[in-house]
Amino acid sequence: MYEQITSLENIKEAYLDLYYSLALKSEVGRYNVLNGKTMDSTLIFSEEMIKEIQNDLFNKTNLQPARYTEIPKAGGEMRGIYMLSVKERVKCQAIYRVLEPYFEPRYSDCLYSFRSSKPSYYAARSVRRLYLRNYKKKDLYVLKLDIHKYSDYHNHEILFDILKSHGIETDVSDLIQLFIRQPFLHNGKLQCLSTGTMQGTPLCAIFNNIYIGHIDEYAEKNAHFYRRVGDDLIIIDKDKEKLQKMLKHIKKEVGKSKLIIKEEKTIFTKLDNPFNFLGYQFEDGKISLPEGSLRKILDKWKKRLKYRKNLTFDKRIKKLRQFFQNKEEVDPSLKKENFLDIVRAYNLTTDTTQVKRLSSKFMDVLTNYFFDGLTHSKLSKTKKLMTENKFPSLTKIHYWYNNGKLRSYKKAKKSVDKLIRTEKIYS
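Residues numbered from 1 in each chain as written. Predicted model: local features only at pLDDT ≥ 70, side-chain atom pairs only at ≥ 80, totals over all residues. Heavy atoms only, no water.

Position of Val229 among the secondary structure elements: in strand β6 (residues 225-229). A relative accessible area of 11% means that Val229 is categorised as buried. In the structure, Val229 is positioned 111 residues away from Lys118 in sequence and 9.8 Å away in space, judged by C-alpha atoms. Beyond its immediate chain neighbours, meaning those up to four positions away, Val229 contacts Tyr112, Ser113, Ser120, Ala123, Phe277 and Leu278. (Helix = DSSP H or I, 4+ residues; strand = E, 2+ residues; numbered from the N terminus. Buried < 20%, exposed > 50% of the residue type's maximum accessible area, 1.4 Å probe, protein only. Contact = heavy atoms within 4.5 Å.)

Structural data, given as structure tokens:
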């Protein structure tokens, strides 16, 4: 494994991985941290830098400091992330490229985080399927747990013991330790983490998956249904006493791992009572989004589709078509705020009343986008415009998803592309 990580071929591939990931977000020429170098500036010296990285890995050279910053989380809290220099990010990616396929077959089948084969969407979908089939039953119980600041409380000694138990050799563990104990600059002071792992690096994803892997194994073996996505755990079973014992055992194991369970977010109730998981609300046999999520969706659309006086009507139509089709050239940084991405994330809901309400609000956003204001006559013009240009409604696409007509994102995008026409421009 150590030879794989330090090979020139692996480092080159890690370099390209980083370059393309930044290119997709249009950050190649902008990403720099403390040394002033960007991916563009390092391209000229890439061969030299790759050899330098190989020597650093061979010698286990201490890392350059990262830069600490904070980004907002859902709910108003802030999450700390650490921005590594280009060279250190390539090193980190080189280690990740070898560790990820090594750990992948060792993960629980019930783990749905940071895995290309098991994204969190699949976890939500499986809970949805079980709920819709069984919500009327009175003998099923739900236990939902949330671990407080999961990555921030990883104990370093415990983490190294876990790596050792998985057969990670000492040389590789030494390289990993460089990133766990990497210095960072915060408020002008050089610091190191005494607990926790640096979020914003690919290695953190592996640490999140393996740190409570023993709890995954226990829950998967003992419960009828279990899913974990990062720090969110859900267990469903008909044996209430067994769930109570599992709750006690998991709390004990979480404590041994130096972690804390959010008591205020712990749910232990019957399946036919309201509960939430991964941003979905399960209640009265329906699956919906919390009102706060709806407001965020509308805020994204308003941000994405602002009225601009300097845009001609033809250009507004073109921009709207790009918005529906998720065209990257519009603004790559906002790509995840496009129509299909949001509708796809929303497609597990079954509350059609809520969908219609959101669709109506979206029409209001479009009216303001086209006519700089919202009146009854302007709304009527917008509806006519959408019909004449064959723009699909949110309600229509949601119906397609829920009735199996759009089984993949690729097919959804193709269908939307086919629907949208530009021959008729309403004026």
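The phi torsion at Lys60 lies on the positive side, around 55°, for a residue other than glycine. A relative accessible area of 25% places Lys60 in the partly exposed class. With a phi close to 55°, Asp284 is a non-glycine residue in the positive phi region.

For the structure on display, the rule yields 16 aromatic pairs. Between Tyr369 and Phe370, the aromatic rings sit 5.0 Å apart at their centres with planes inclined by 65°, giving edge-to-face as the arrangement. These aromatic residues form a ring-pair network of at least three members: Tyr131, Tyr135, Phe275 and Phe282. When the ring centre of Tyr102 is taken as reference, the NZ or CZ atom of Arg106 above it lies at 3.8 Å. Taking the ring centre of Tyr122 as reference, the NZ or CZ of Arg125 above it sits at 4.5 Å. (Phe/Tyr/Trp six-rings, centres within 6.5 Å; stacked < 30°, edge-to-face > 60°. Lys NZ or Arg CZ within 6 Å of the ring centre and 35° of its normal.)

What follows covers the packing of helix α10 (residues 213-222) against helix α11 (residues 240-256). Between two packed helices, the angle of one axis relative to the other and the distance separating the axes together describe the packing. Where α10 meets α11, the axes come as close as 11 Å, and the angle between the chain directions of the two elements is 170°. Judged by the inter-axis angle, α10 sits roughly antiparallel to α11. Along its contact with α10, which presents His214, Ile215, Tyr218, Ala219 and Asn222, the element α11 presents Lys242, Lys245, Met246, His249, Ile250, Glu253 and Val254. For the contact of α10 with α11, the residue count by class is six nonpolar, three polar and three charged. (Axes fitted to C-alpha atoms, helices over the stretch in contact; angles between N-to-C directions. Parallel < 35°, antiparallel > 145°, perpendicular 65-115°, else oblique. Nonpolar A, V, L, I, M, F, W, Y, C, P; charged D, E, K, R; others polar.)

On to the sheet that holds strand β1 (residues 66-72), then. With respect to topology, four strands assemble into an open sheet ordered β2-β1-β4-β5, the strand pairing being mixed. Pairing within the sheet leaves two strands with one partner each, and these edge strands are β2 (78-83) and β5 (189-191). Between one strand axis and the next, the sheet turns through 40° on average, direction left out of account. In the sheet, β1 pairs with β2 via six bridges, with the strands oriented antiparallel. (Pairing = 2+ DSSP bridges.)

Model confidence for the protein chain is summarised by a mean pLDDT of 84, while 82% of its residues fall at 70 or above. Contacts of residues 328-335 to residues separated by more than four positions or lying in other chains number twelve contacts, the stretch itself having pLDDT below 50. Confidence drops under a pLDDT of 50 for residues 419-427, and excluding neighbours within four residues, the segment shows 27 contacts in the predicted structure. (pLDDT = per-residue confidence, 0-100.)

Taking 1.5 Å of rise per residue, 18 residues should cover 26 Å, and helix α5 (residues 86-103) covers 25 Å from first to last C-alpha, within 8% of that figure. Along its length, α5 shows its largest kink, about 25°, at Tyr96. (Expected span 1.5 Å × (residues − 1). Bend = angle between axes of the 7 residues up to and from the residue.)

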